[in-house]
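Chain residues, written in single-letter form:
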Amino acid sequence: MYRPVNHGYIEVVIGPMYSGKSEELIRRIKRAEIAKQNIVVFKPRIDDRYSKEDVVSHSGDSVGAIPINKANEIYNYIDEKTQVVGIDEVQFFDEEIINIAINLADKGIRVIAAGLDMDFKGEPFGPTPKLLAVAEFVDKIQAICSVCGQPATRSQRLINGEPARYDDPIIQVGAVESYEARCRKCHVVYR
Ligand code: ADP
Ligand code: ZN
């Protein structure tokens, strides 16, 4: 995969849950480490799936990351030596993340963002759609549908094992919530 060497740019990796977005981000960061690049990786503080200071994939790979609450905290960790900025779970950041990614790329930095393109309803998620629009490179990857085994493009939200309703609250006290990857045909959102 050849990339520009004389200016910065934005790469985005999108797809549903379990599609390997974190794995792909980790792979790119590890290769940048091998190339002795100066790298900083960020993740939203709300995601402490496995570890507070790492980006961790479902298969167990990891890379060090700085948990931040607001997108503009990124500037506190960037200096003139920074060459690569990684951002995981980009959908959870505020809209400011788009301007920050543009600004970093304009400064000559390679920005690699990974995140969900759609929420459990199948609707565009947070700042991701605009980030795609301004990125140089976009990779849309698929998981495997838990129901039929076809490529999965959507994240199925389940509450107590049943498909969630469109307007189910984000946090349901006492309910067991889970997610799985599904294709367009098997994805269900009750209205
Ligand atoms: P994401 O960041 O997109 O949620 P991860 O990189 O954390 O994905 O995890 C991808 C890994 O999850 C795969 O390599 C595979 O080992 C595992 N996995 C579990 N369920 C599925 C599924 N339904 N489809 C594809 N991979 C799955
Ligand atoms: Zn399916």
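Scoring rules and cut-offs
- Residues numbered from 1 in each chain as written.
- Chains lettered and ligands numbered in written order.
- Predicted model: local features only at pLDDT ≥ 70, side-chain atom pairs only at ≥ 80, totals over all residues.
- Heavy atoms only, no water.
- Donors = N, O, S within 2.8 Å, 3.2 Å for Na, K, Ca; no water.
- Tetrahedral: all angles 85-135°; square planar, octahedral: opposite > 155°, others 65-115°.
- Buried < 20%, exposed > 50% of the residue type's maximum accessible area, 1.4 Å probe, protein only.
- Helix = DSSP H or I, 4+ residues; strand = E, 2+ residues; numbered from the N terminus.
- Lys, Arg positive; Asp, Glu negative; His and termini not counted.
- Salt bridge = Lys/Arg side-chain N within 4 Å of Asp/Glu carboxyl O.
- Polar contact = N/O pair within 3.5 Å; in protein donor to acceptor, adjacent residues only side chain to side chain.
- Contact = heavy atoms within 4.5 Å.
- Pairing = 2+ DSSP bridges.
- Near = heavy atom within 4 Å.
- Areas by Shrake-Rupley, 256 points an atom, 1.4 Å probe, with all protein chains shown as cover.
- Nonpolar A, V, L, I, M, F, W, Y, C, P; charged D, E, K, R; others polar.

Undergrad: So, the coordination of the zinc ion (ligand 2): which residues are in play, and what are the values?
TA: On the protein side, the zinc ion (ligand 2) has Cys145 (SG), Cys148 (SG), Cys183 (SG) and Cys186 (SG) as donor atoms, found 2.3 to 2.4 Å from it. Each of the 4 donor atoms around the zinc ion (ligand 2) contributes to a set of angles spanning 100 to 118°, which defines the coordination as tetrahedral. According to the relative accessible area criterion, Cys145 is buried, its value standing at 3%. A residue is classified by how much of its surface remains accessible, and Cys148, at 38% relative accessible area, is partly exposed.

Undergrad: How would you explain the side chain of Arg154 if you had to name every residue and give the values?
TA: By secondary structure assignment, the location of Arg154 is in strand S11 (residues 154-159). At 8.2 Å, Asp117 is the nearest oppositely charged side chain to Arg154, a buried residue that forms no salt bridge. In terms of polar contacts, Arg154 uses its side chain to reach the side chain of Thr153, at 3.4 Å. Other than its neighbours up to four places away in sequence, Arg154 contacts Pro16, Met118, Gly122, Glu180, Ala181, Arg182, Cys183, Arg184 and His187.

Undergrad: Could you give me a rundown of the sheet that holds strand S12 (residues 162-163), with the residues and numbers involved?
TA: Taken in spatial order, the 3 strands line up as S12-S11-S13 in an open sheet, and their pairing is antiparallel. The strands lining the two open edges of the sheet, one partner per strand, are S12 and strand S13 (177-182).

Undergrad: A description of the site of ligand 1 should follow, citing residues and the corresponding values.
TA: For ligand 1, the set of nearby residues contains 14 residues, the closest of which are Lys21, Ser22, Glu23, His58 and Ile144. In this structure, Ile144 approaches ligand 1 through a main-chain N or O atom, which is 2.9 Å from a nitrogen atom. Notes on ligand 1: free accessible area 580 Å², of which the protein chains cover 74%. It is helix H1 (residues 21-34) that contributes the most residues to the shell around ligand 1, 3 residues altogether. Counted by class, the shell around ligand 1 contains 5 nonpolar, 6 polar and 3 charged residues.

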